[in-house]
Every structure is written in structure tokens, then in C-alpha cells.
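One-letter residues, chain by chain:
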Amino acid sequence: MAAHRFWRLSISSTPASVPATIGELVLATTPGGPQAAVGGTIKASSESPTGPAAAAFDGVVATGNYWTGSNTNNPKEHITYDMGVGNAIDVVEIRITSPAGATVTNYPTSMFLSHSDDGISWEIQRYWSGLSFTNLETKT
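Bear in mind that the values here come from a model prediction, so they are computed numbers and not experimental data. (Residues numbered from 1 in each chain as written. Predicted model: local features only at pLDDT ≥ 70, side-chain atom pairs only at ≥ 80, totals over all residues. Heavy atoms only, no water.)

(A) Fine view of the sheet that holds strand β3 (residues 24-28). An order of β3-β7-β10 is seen for the three strands of this open sheet, with the pairing classed as antiparallel. Where the open sheet ends on each side, the last strands, each with one partner, are β3 and β10 (138-139). Taken together, the five bridges between β3 and strand β7 (residues 93-97) define a ladder with antiparallel strand orientation. Bridging across to β7, Leu27 finds its partner in Ile94. (Pairing = 2+ DSSP bridges. Helix = DSSP H or I, 4+ residues; strand = E, 2+ residues; numbered from the N terminus.)

In C-alpha cells, the structure reads:
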């Protein structure tokens, strides 16, 4: 793979067609490596007042600390990390942790990771479907 400035996780579905909830999202440049999404800008398609997008990248996995979209009855959400000018990374692994205390109907069941060099044209790197999560479960 190659290094890119923008990385986006797009949620296609949740078990109950409600906004997706993610406790922590790690973009790693090596298998098992540390969070590489640091010092950049986080944007989401939407966020609830109690579930800001920044919570997905803050390294804290705790009850009440998560990102969730605010589009009622619509699971199609995305969260984007802009590494900043001159700070492209090559993501080789993502880790998603479900938040404590959220209901299983909010976890993503289908999603895809895409990348961009300009924030306009996106290319899908990987797609997942048929997922299920439990509280505080991490999927790699």
C-alpha cells in the first residue's frame, strides 16, 4: 500500500439501522502498532452532542466516551482523519473497539476503509461485512 493524507471509515449498516457508535479507532502503520492518527484533524458526517468524533481517536475506552452519528434511523455515517499537509501515512491495520455501555444495535456490521490524497477522490482499501461486537470488544 502507499501513504495517504486522508483516511475515512464509512459505516454502511448497524443491526438496528441506527447511527453507528465507535469507542476507539486506531489507524496503525504496523501490525499491532500504536495509533498513527495523531496531530491531525477529525471530521465526521455527523456527531451527537454526547458522542463527538474526537472521542474515537483519544485513546480512552470508557463508558460514555465514544463517537456516534446523529442521523436518526440512518446508520450510514463516516469519520475522517486528515493527517495534515506532508503527513501521509500507510495504514496497514485498523483496530476498532466498541464502547462500554452502548447497546449492540449501535455497532457497525458493515463498513469500509478508504483513503485519499486530496480529500475529494476516495479509493476503498478494505470492506468488511457481517460483523458483530460485544461491549469493549476490539476487532483488528
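And the narrative resumes.
(B) Representation of the sheet that holds strand β4 (residues 41-44) within the structure. An order of β4-β6-β1-β8-β9 is seen for the five strands of this open sheet, with the pairing classed as antiparallel. Two strands in the sheet have a free side with no partner beyond their single neighbour: β4 and β9 (123-128). Across this sheet, the average inter-strand angle for adjacent strands is 15°, counted without regard to direction. For strand β1 (residues 6-13) and strand β8 (residues 110-116), the ladder comprises seven bridges, and the chain directions are antiparallel. (Axes fitted to C-alpha atoms, helices over the stretch in contact; angles between N-to-C directions.)

(C) Local environment of the environment of Glu24. With respect to the secondary-structure elements, Glu24 resides in strand β3. Through-space distance from the C-alpha of Glu24 to that of Ser98 is 6.9 Å; in sequence the pair is 74 residues apart. Excluding residues that lie within four positions of it along the chain, Glu24 makes contacts with Gln35, Ala55, Ala56, Phe57, Asp58, Gly59, Val60, Val61, Arg95, Ile96 and Thr97. (Contact = heavy atoms within 4.5 Å.)

(D) Molecular detail of the packing of aromatic side chains. Scanning all chains against the criterion turns up four aromatic pairs. Across the ring face of Trp122, the terminal group of Arg8 is positioned such that the distance to the ring centre comes to 4.1 Å. Across from the ring centre of Phe133, 5.3 Å away, lies the NZ or CZ of Lys139, which sits over that ring. (Phe/Tyr/Trp six-rings, centres within 6.5 Å; stacked < 30°, edge-to-face > 60°. Lys NZ or Arg CZ within 6 Å of the ring centre and 35° of its normal.)

The values reported here are purely geometric and, on their own, carry no functional implication.
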